[in-house]
Amino acid sequence: MHQRFAVLDNLSTLIALVSNNGQVVYSNSALEAALVSSHRLIVGTPLAQYFQEATAFQNALQAANLQQLGTLSFDAVLIDSFDKALSVYVSASQPEPNAEIWIEMHPQDAQAKQEREQRLSDQAQANKELVRNLAHEIKNPLGGIRGAAQLLEMDLPSPDLKEYTQVIIHESDRLQSLVDRLLAPHRQAKIVSDVNIHEVCERVRSVVLAQYPKGLQIKRDYDVSIPELRADKEQLIQVVLNIAQNACQAMGTLIENAQAQLILKTRIVNQVTLERHRYKLALELHIIDNGPGIEESIKDTLFFPLVSGRDGGSGLGLTIAQTFVVQHGGQIECSSVPGKTDFKILLPLP
Ligand SMILES: Nc1ncnc2c1ncn2[C@@H]1O[C@H](COP(=O)(O)OP(=O)(O)O)[C@@H](O)[C@H]1O
Ligand SMILES: [Mg+2]
C-alpha cells in the first residue's frame, strides 16, 4: 500500500498522513523508528494517541474539518512505545479541502540547532555591516588628517616638532591600511570557474611548507572522487591559507619540537542545509591541527572582525575566510579542544 510514498521513507522528518478524523493512513520509516513501532501497528490508529498533549493536534483536525487549515504549526511531545518523550515541531497541512492531512514532525534538537546557527550567521552578517560602515566613516577624514599634517610639517618653525607630525602621518597610514583591509573582501570581484578542491589544498600545502620547512607535517586525506565545484579559486586559496596559517601560528612550540601536524581532509556529504538552502551534495573540507586549541574567551566571536588572540594579530583572517565562504553559498564551523582544532568548510556542489 502507498507505494507512491516510498520516497518519504528516505527523509529524516517524521511524516504521517491522517484522515479527517485523525486516523493514520500512512506513516514513514522515520516516524515508525521514532515511535519504536511498525507500520502495521501505527496505521489505523488515531495519531492523537502518540502525543503527550493532544489538544494542539485536535485543534488542527478541527480546523481541517472547518476547511480552515491551510498550514498550522505547533510544538508537541511524542511518546514512543517505551514511554520515552521526543520534542517535535509539527506542521499540519491540508493540500485541498476534505483531503487527507499531512503531518510533518521535526525533532526539536535539529530544529533548535538550525535556528541557533541561523541566528549566529545573521548576527555575524549584521556585525560585518556595522564594521564596514564604521570603516567607511573612518576612511573619509583620514586623508584630510594626513594632508593637513604634511602641510603643517612644511611650516613648522622648529624641525624638532616634526616628530609629532610624523606620528600623525604614520598613525594615519596605519589606520588607512587597517581600514582598507576591513573593506577589501567586499570589493573583490568573484572570478568563477571549475575548481578542483584538491588543487586548492595542494597550493596551500606548498605555501605553508615553504613558510615552515621544518617541524611541520602536513597530512592529506583526500576523497579524489569529489567533483569540481564552481568557485573563485583564488578566494578559496585565501580561505584555506588563512585557516592553515592560524593553525601554524598556534602550533609554534610544536613546530619547534617537530611535532606539529596539519591535516587536510576532504569528503562528500549528502543532503545539507546551508544558509537556508538545501543541497543534495556538498563538499566538506577539514583543516585540523594538533595545537593548543582556541582560547575560550574568543570562541564565541571567533569570526568577528578584529577578534584576535595573538599579539599583532589583525583579527581579520577568519572574517575574510567566512565572508568568502558565505559568498560561495557555504558555511564555516569550528570545533576546538586542546590538541585538536578542526575548521570545517562546507561548500555546495553542483
Ligand atoms: N587553529 C587555531 N588554533 C588556535 N587558535 C586559533 C586557531 N585559529 C584561529 N585561532 C585564534 O583565532 C584568532 C583570530 O584569527 P584571525 O581571524 O585569523 O586573526 P589573526 O590571525 O589576525 O589574529 C587568532 O588570533 C587565534 O587566537
Ligand atoms: Mg590569522
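From a predicted model like this one, the values you see are computed outputs, not experimental measurements.

The rules behind the values
- Along each chain, numbering runs from 1 in the same order as the chain's sequence is written.
- A letter from A marks each chain and a number from 1 marks each ligand, given out in the order of writing.
- Per-residue local features are limited, in this predicted model, to residues with pLDDT of at least 70; the limit for side-chain atom pairs, both in listing and counting, is 80 or more; totals at the level of whole chains, interfaces and linings are taken over all residues.
- The criterion for a residue being near a molecule or strand is simple: its C-beta atom, placed using the backbone, must lie within 6 Å of it.
- In DSSP terms, a helix is any run of H or I states spanning at least four residues, a strand is any run of E spanning at least two, and both are numbered starting from the N terminus.
- Gly is placed with the polar residues, together with every amino acid not listed as nonpolar (Ala, Val, Leu, Ile, Met, Phe, Trp, Tyr, Cys and Pro) or charged (Asp, Glu, Lys and Arg).
- Any two strands between which DSSP finds at least two bridges are classified as paired.
- With axes taken as lines fitted to C-alpha atoms, and helix axes fitted only over the stretch in contact, angles between N-to-C directions fall between 0 and 180 degrees.
- We call two residues in contact if the C-beta atoms placed from their backbones are at most 7 Å apart.
- Remark: C-beta atoms are placed from the backbone, and a residue is labelled buried if 20 or more other C-beta atoms sit within 10 Å of its own, exposed if 12 or fewer do, or partly exposed between those counts.
- Throughout the structure description, domain borders are defined by an automatic or database domain assignment.
- Residues enter a nonpolar core if they are buried, belong to Ala, Val, Leu, Ile, Met, Phe, Trp, Tyr or Cys, and are joined to the set through C-beta atoms within 7 Å.
- The cut-offs work like this: below 35 degrees is roughly parallel, past 145 is roughly antiparallel, 65 to 115 is roughly perpendicular, and the gaps in between are oblique.
- Crossings are sorted by hand: turned counterclockwise from the far helix by less than a right angle, the near helix makes the crossing left-handed, and turned clockwise it makes it right-handed.

Draft legend 1. Representation of the site of ligand 1 in the model. Taken together, 23 residues sit near ligand 1, with Asn246, Ser308, Gly309, Gly313 and Gly317 positioned nearest. Mapped by element, the contributors of at least two residues to the shell around ligand 1 are helix H7 (233-250) and helix H9 (317-327). Among the elements that make up the shell around ligand 1, the one with the highest residue count is H7 (4 residues). Looking at side-chain class alone, the shell around ligand 1 contains 8 nonpolar, 12 polar and 3 charged residues.

Draft legend 2. Focus on the sheet that holds strand S7 (residues 216-221). Across the sheet, which stays open at both edges, the 5 strands sit in the order S7-S9-S10-S12-S11 with mixed pairing between neighbours. Of all strands in the sheet, those with a lone pairing partner are S7 and strand S11 (331-337), marking the two edges. Neighbour-to-neighbour, the strand axes of the sheet open up by a mean angle of 20 degrees, direction not taken into account. Examined bridge by bridge, S7 and strand S9 (residues 260-274) share 6 bridges and lie parallel to one another. Looking across to S9, one finds that Lys219 is bridged to Ile263. The strands touched by H7 within the sheet are S7, S9, strand S10 (277-289) and strand S12 (340-348), with S10 carrying the most contacts at an inclination of about 30 degrees.

Draft legend 3. Inspection of the sheet that holds strand S3 (residues 71-79) at higher detail. Across the sheet, 5 strands lie side by side as S2-S1-S5-S4-S3; this open sheet has antiparallel pairing. Sheet topology places strand S2 (24-27) and S3 at the edges, where each strand pairs with a single neighbour. Geometrically, the sheet is characterised by an average inter-axis angle of 25 degrees between neighbouring strands, direction not taken into account. As judged from the 3 bridges shared by strand S1 (residues 14-18) and S2, these two strands associate in the antiparallel manner. Looking at S2, one finds that Leu17 is bridged to Tyr26. Packing of helix H3 (residues 55-65) onto the sheet brings it into contact with S3, strand S4 (85-93) and strand S5 (101-107), and relative to S3 it is tilted by some 145 degrees.

Draft legend 4. Quick peek at the pairing of S1. Buried residues dominate S1, accounting for 4 of its 5 residues. Pairing of S1 with S5 involves 5 bridges; the strand directions are antiparallel. Directly across from Leu17, in S5, lies its bridge partner Trp102. The turn joining S1 and S2, which pair antiparallel and follow one another in sequence, is formed by 5 residues; a positive phi near 90 degrees is taken by Gly22.

Draft legend 5. Quick peek at the domain arrangement of the chain. Along its sequence, the chain is carved into domain 1 (3-108), domain 2 (112-187) and domain 3 (193-348). For domain 1 versus domain 3, the separation of C-alpha centres amounts to 42 Å.

Draft legend 6. Seen up close, the nonpolar core. Core analysis: the largest hydrophobic core is formed by 41 residues, its most contacted members being Val240 and Ala244. Contributing elements (two or more residues each) for this core: helix H6 (197-211), strand S8 (229-231), H7, S9, S10, H9 and S12. Here this core takes 9 residues from H7, the largest share from any one element. With sequence-adjacent residues up to four places away left out, Ala244 is seen in contact with Val204, Val208, Leu262 and Ile287.

Draft legend 7. Here's a closer look at unusual backbone geometry. Within the chain, Ala258 stands out as a residue other than glycine whose phi angle is a positive 55 degrees. For Gln271, which is not glycine, the phi torsion reads 50 degrees and is therefore positive. Among the secondary structure elements, Gln271 is positioned in strand S9. Classification of Gln271 as exposed rests on a count of 12 C-beta atoms within 10 Å.

Draft legend 8. Focus on the packing of H6 against H7. For the pair H6 and H7, interaxial distance at closest approach is 9 Å and the crossing angle is 45 degrees. The orientation of H6 relative to H7 falls into the category oblique. As H6 packs across H7, the resulting crossing turns out to be right-handed. For the pair H6 and H7, the contacting residues are Val200, Cys201, Arg203, Val204, Val207 and Val208 in the first and Lys233, Leu236, Ile237, Val240, Leu241, Ala244 and Cys248 in the second. Residues of the contact of H6 with H7, tallied by class, amount to 11 nonpolar, no polar and 2 charged.

Draft legend 9. Representation of H9. With 8 of 11 residues buried, H9 is to be regarded as a mostly interior element. Among all positions in H9, only Leu318, Thr319, Ile320, Ala321, Gln322, Thr323, Phe324 and Val325 are buried. Immediately downstream of H9, the backbone of Gly329 shows phi near 80 degrees, a positive value.

Draft legend 10. Fine view of the environment of Pro97. Structurally, Pro97 can be placed in the loop between S4 and S5. Separated by 33 residues in sequence, Pro97 and Ala64 place their C-alpha atoms 7.4 Å apart.

Draft legend 11. Molecular detail of the environment of Leu281. Along the chain, the position of Leu281 falls in strand S10. The spacing of Leu281 and Asn270 is 11 residues in sequence and 4.8 Å in space, taken between C-alpha atoms. Contacts of Leu281, omitting those with residues within four sequence positions, involve Ile268, Asn270 and Leu349.

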